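These are the residues of each chain, in order.
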Amino acid sequence: MCNSLAPAPYRASSGTTETMDSRREYPPAPEPLPVPVMDNHTHLDFRHGLIEVAVPDAMDAAEAVGVQGAVQVGCDLESSRFTVQAVDLDPRLLGAVAIHPNDAPVYAGRGELEAALAEIEELARHPRIRAIGETGLDFFRTHGEGLTHQRYSFRRHIDIAKRLGLTLQIHDRDAHDDVVQVLEEEGAPERVVFHCFSGDEQLARICNENGWYMSFAGTMTFKNAANLRAALAIAEPSRVLVETDSPFLTPHPYRGRPNASYMVPYTVRSMAEVTKDDVAELCARLSGNTLNAYGSWA
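So, here's what we can say about the structure. Not measured: the values here are computed from a predicted model.

One side chain can pair with another of opposite charge once the charged atoms of both are near each other. Under the definition given, this model contains 16 salt bridges. The salt bridge involving Arg-81 is made with Glu-119; its shortest N-O contact spans 2.7 Å. Placement of the pair is Arg-81 in helix α2 (residues 77-89) and Glu-119 in helix α4 (residues 113-123), with a sequence separation of 38 residues. Taking relative accessible area as the criterion, Arg-81 reaches 38% and is therefore assigned partly exposed. Classification of Glu-119 as partly exposed rests on a relative accessible area of 25%. Close ionic contact of Glu-185 with Arg-155 constitutes a salt bridge, the shortest N to O distance being 2.8 Å.

With that out of the way, let us pick up helix α9 (residues 264-275). Taking 1.5 Å of rise per residue, the 12 residues of α9 would be expected to cover 16 Å, and the 16 Å separating its terminal C-alpha atoms lies within 8% of that figure. Counting buried positions along α9 gives 9 out of 12 residues, so the element sits mostly inside the fold. For α9, the full list of buried residues reads Val-264, Pro-265, Tyr-266, Thr-267, Val-268, Ser-270, Met-271, Ala-272 and Val-274. Each element contacted by the buried residues of α9 is listed here: β1 (37-42), β2 (67-73), β7 (213-216), α8 (226-234), β8 (240-242) and α10 (279-294).

Right, let's get into the environment of Arg-205. Mapping Arg-205 onto the fold places it in helix α7 (residues 201-210). Distance in space between the C-alpha atoms of Arg-205 and Glu-236 is 8.5 Å, their sequence separation being 31 residues.

What the rule picks out here adds up to 6 aromatic pairs. Ring plane angle 45° and centroid distance 5.4 Å describe the contact between Phe-197 and Phe-216, whose orientation is recorded as tilted. A residue pair is termed long-range when its members are at least 10 positions apart, and Phe-197 in the loop between β6 (192-194) and α7 and Phe-216 in strand β7 qualify at 19 residues. The burial state of Phe-197 is the same as that of Phe-216; both residues are buried. Pairwise contacts between aromatic rings join Tyr-10, Tyr-26 and Tyr-262 into one cluster. Positioned over the ring face of Tyr-107 is Arg-110, at 5.0 Å from the centre of the ring.

In this section: the state of the cysteines. Any covalent bond linking the sulfur atoms of two cysteines counts as a disulfide. Following the criterion strictly, the structure yields 0 disulfides and no others. In this structure Cys-75 is not part of a disulfide, and its nearest cysteine sulfur, from Cys-196, lies 12 Å away. Cysteine Cys-207 shares no disulfide, and the gap to the nearest cysteine sulfur, in Cys-196, comes to 13 Å.

Rules of the game
Residues numbered from 1 in each chain as written. Predicted model: local features only at pLDDT ≥ 70, side-chain atom pairs only at ≥ 80, totals over all residues. Heavy atoms only, no water. Salt bridge = Lys/Arg side-chain N within 4 Å of Asp/Glu carboxyl O. Helix = DSSP H or I, 4+ residues; strand = E, 2+ residues; numbered from the N terminus. Buried < 20%, exposed > 50% of the residue type's maximum accessible area, 1.4 Å probe, protein only. Expected span 1.5 Å × (residues − 1). Contact = heavy atoms within 4.5 Å. Phe/Tyr/Trp six-rings, centres within 6.5 Å; stacked < 30°, edge-to-face > 60°. Lys NZ or Arg CZ within 6 Å of the ring centre and 35° of its normal. Disulfide = S-S within 2.5 Å.

Okay, here's the thing in structure tokens:
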């Protein structure tokens, strides 16, 4: 049986045998938000659920619950090229392009990193590409010599963001101190977003001091994420954003199932519980913060 409560584009056909695996079905749509917000980090080209959803359909489903726009994010050349096509296709999207930290050593090993970075810079000149990302450091999946290529790629992405006047979207996994060190050594761009903020109160204070944005995903709703809720509680309100990182990091109580931009309201309402904000007031602030971080969608 398909999940009839999910938005129409995300419902698998009743004749699809894969529907027996409920872990791959999209969750039900949440109650719409009282004030529209934006999902500032999604991967519309990645498939994790039973079905593939077209970009306009994905954004229609999001808009129906109060998610009026999104930032589509590239992680390699293929997904960055897709991002440029997507922002041309749907005006509800802005874009970010980059070589992911875990992919930088792969390109370097093939002798293609410099060419890849050059293409990223060219793609980033599109007027609806507003960020360089996701870039940064990942000490969870990359080790040894690969970290040298990660650091080099990160520094090059910082340089591109600064020269083009774009926001920098940070991927930071088990690398908080080193990410901050590189930003300080290189000189951070005017706008920095810690995508899927994964730090604690200490990193939140550093972000507060530097005026860096902290973007919270479904992970802050997880039962074992007390550190994220503590960080959100002390985060400067004008530096807080919301995202899905879809199709990953689906918020509680649907953790493990596919995620999509229409799921943002679940995270927003959990954030409001932590910050003690009225949901409508938090939505208005998140929307304003997102416009400050990326510019207008119009």
